[in-house]
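Structure assessment
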Amino acid sequence: MADWTQLPGELLYLISKRLHTSFDVNRFRSICSTWRSTVTSPKRHRLAPRFPVLPDEGGMANTSNGFSLSKRIIFLLRLPKFNPETDRSTSWVVKIEEDGPNNRVQLLNPLSRSRFDSLPENFPKFFNLLEFSIVELGEEYVLHYLNHLSYLGDTGNLYMEKVVISCFDNNPNNGFVLLTIHVSGKLAMFKTSDKKWTIIQDMSSPYDDVILYEGNFYAVDNNGRTVLVGLDFETSEAAMPVFGGDKKFLVGSKGELLLVDKYLSIEAPEGSCSWAGLDFVEEYFENIAFYMNERTVRFKVFKLDEVGKQWVDVKNLDDRVLFLGDDCSFSASVEDLNVCRGNCIIFADNFFYSVGDDESSERCDVGVFDIEYGSIGPLQKFPQFSKLFWPPPRWTSTRLLNAQLDNRESA
């Protein structure tokens, strides 16, 4: 058997340069002391200490305030050895924020912006990630509102639209571009070379989603019209509109760009009292926010035909599962998730809000749509998927503990 510790340093260096994330580099360095001494620990690239506030429609911005930008990564953790026939609970989907405004590592709900408020008492403070098999499912970027460089906390996150970023040469120190959706529904771009936001005036309908796919920016509006967004602030049509749904999502899956069309209806939550129980106008207005819930009722999925510039209906996702979050949408295979079947969409939805009966449960505003059968319901009614989220698998409290994934120089 070959001795991996004897690989030439030049070869190890070339391999490390092909690793795209600091997470992968750290795992690479953790193999042995020889590899660790050959490849330096990756530097944490702070994207920028501060961004200007997006301008209003008149092009003016409050220069006393600004944004900071943090990166979050969605991981799939599982035990390295499992029995696929009997052990379906060995996977856990979790979101990690390492460079937030508080400079603390935070554990977040993978489909929302909320933190886990009540971790189990025996939940470890540190993980030795070498103990697990890990898949990176996606990444997201979040703008945090600042006032005179003071972080305002969750209540200060006044700007909550999705953000996508393209770094030159995969290194933010060489410059980068941000694309997001302005409060007006138009696209907004920030280039480090310009040091300012530019509102892109092209808009036939308010934009719903943006994505960086194969190095290019795409955006889709509420009518399904999809455009390529150039760094020169120009847009070109990538696909004709898809009418019908109420909210559009863009998702990359198995080398294809997908459009997911979400259909909503307004109805009262299950178990609530009827409209007849509202005796007078004041009570009506007091309770309108509770009774008028937008409920997701179904989805339609399309894939991009780049040549024909159109969206083609997709009837079956085969072994894929789509995840639609507040700031990031991604896909995963049945094999990676260790679940029985795919062809489903897991999505954030406030209608499916629930609180567990015991302290080990966590609030969950997540729903599942089964494409094959057209069924939809809260996450708890789909056990194979609910185990991916909460509570954490029991093995998380029994593994060896470690802090920062081999940033130490010792063997």
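Structural data are supplied above this passage.
Residues numbered from 1 in each chain as written. Predicted model: local features only at pLDDT ≥ 70, side-chain atom pairs only at ≥ 80, totals over all residues. Heavy atoms only, no water.

Helices and strands together make up the secondary structure of the chain, namely 6 helices and 23 strands. Looking at the chain residue by residue over its 411 residues, the buried ones come to 47%. For the chain, the share of sequence-separated contacts (at least 6 apart) that also reach a separation of at least 24 residues comes to 55%. Roughly 21400 Å² of accessible area belongs to the chain as shown, and the carbon and sulfur atoms make up 50% of that amount. (Helix = DSSP H or I, 4+ residues; strand = E, 2+ residues; numbered from the N terminus. Buried < 20%, exposed > 50% of the residue type's maximum accessible area, 1.4 Å probe, protein only. Contact = heavy atoms within 4.5 Å. Areas by Shrake-Rupley, 256 points an atom, 1.4 Å probe, with all protein chains shown as cover.)

This paragraph deals with the sheet that holds strand β13 (residues 226-229). Think of a sheet as strands paired side by side through backbone hydrogen bonds, with each pair either parallel or antiparallel. Strand order in the open sheet formed by 4 strands is β11-β12-β13-β14, with antiparallel pairing between adjacent strands. The sheet terminates laterally at β11 (207-213) and β14 (235-239), the two strands that pair on one side only. Taking each pair of neighbouring strands and ignoring which way they run, the sheet shows an average axis angle of 30 degrees. Sheet topology places β13 next to β14; 4 bridges connect them, and they run antiparallel. Residue pairing for β14: L228 is matched across the bridge by S236. (Pairing = 2+ DSSP bridges. Axes fitted to C-alpha atoms, helices over the stretch in contact; angles between N-to-C directions.)

We now examine unusual backbone geometry. Look at N338: it is not a glycine, yet its phi comes out positive at around 60 degrees. Considering the arrangement of structural elements, one finds N338 in the loop between α5 (334-337) and β21 (344-348). The backbone of N343 sits at a positive phi, close to 60 degrees, despite the residue not being glycine. With respect to the element layout, N343 can be found in the loop between α5 and β21.

It is worth spelling out the sheet that holds β21 at this point. The sheet built from 5 strands is open, its strands ordered β20-β19-β21-β22-β23 with mixed pairing. Every interior strand has two partners, whereas the edge strands, β20 (329-333) and β23 (375-378), have only one. Strand-to-strand twist of the sheet, defined as the mean angle between neighbouring strand axes without regard to direction, takes the value 20 degrees. One ladder, built from 5 bridges, connects β21 with strand β22 (residues 366-370); its direction is antiparallel. Looking at β22, one finds that A348 is bridged to V366.

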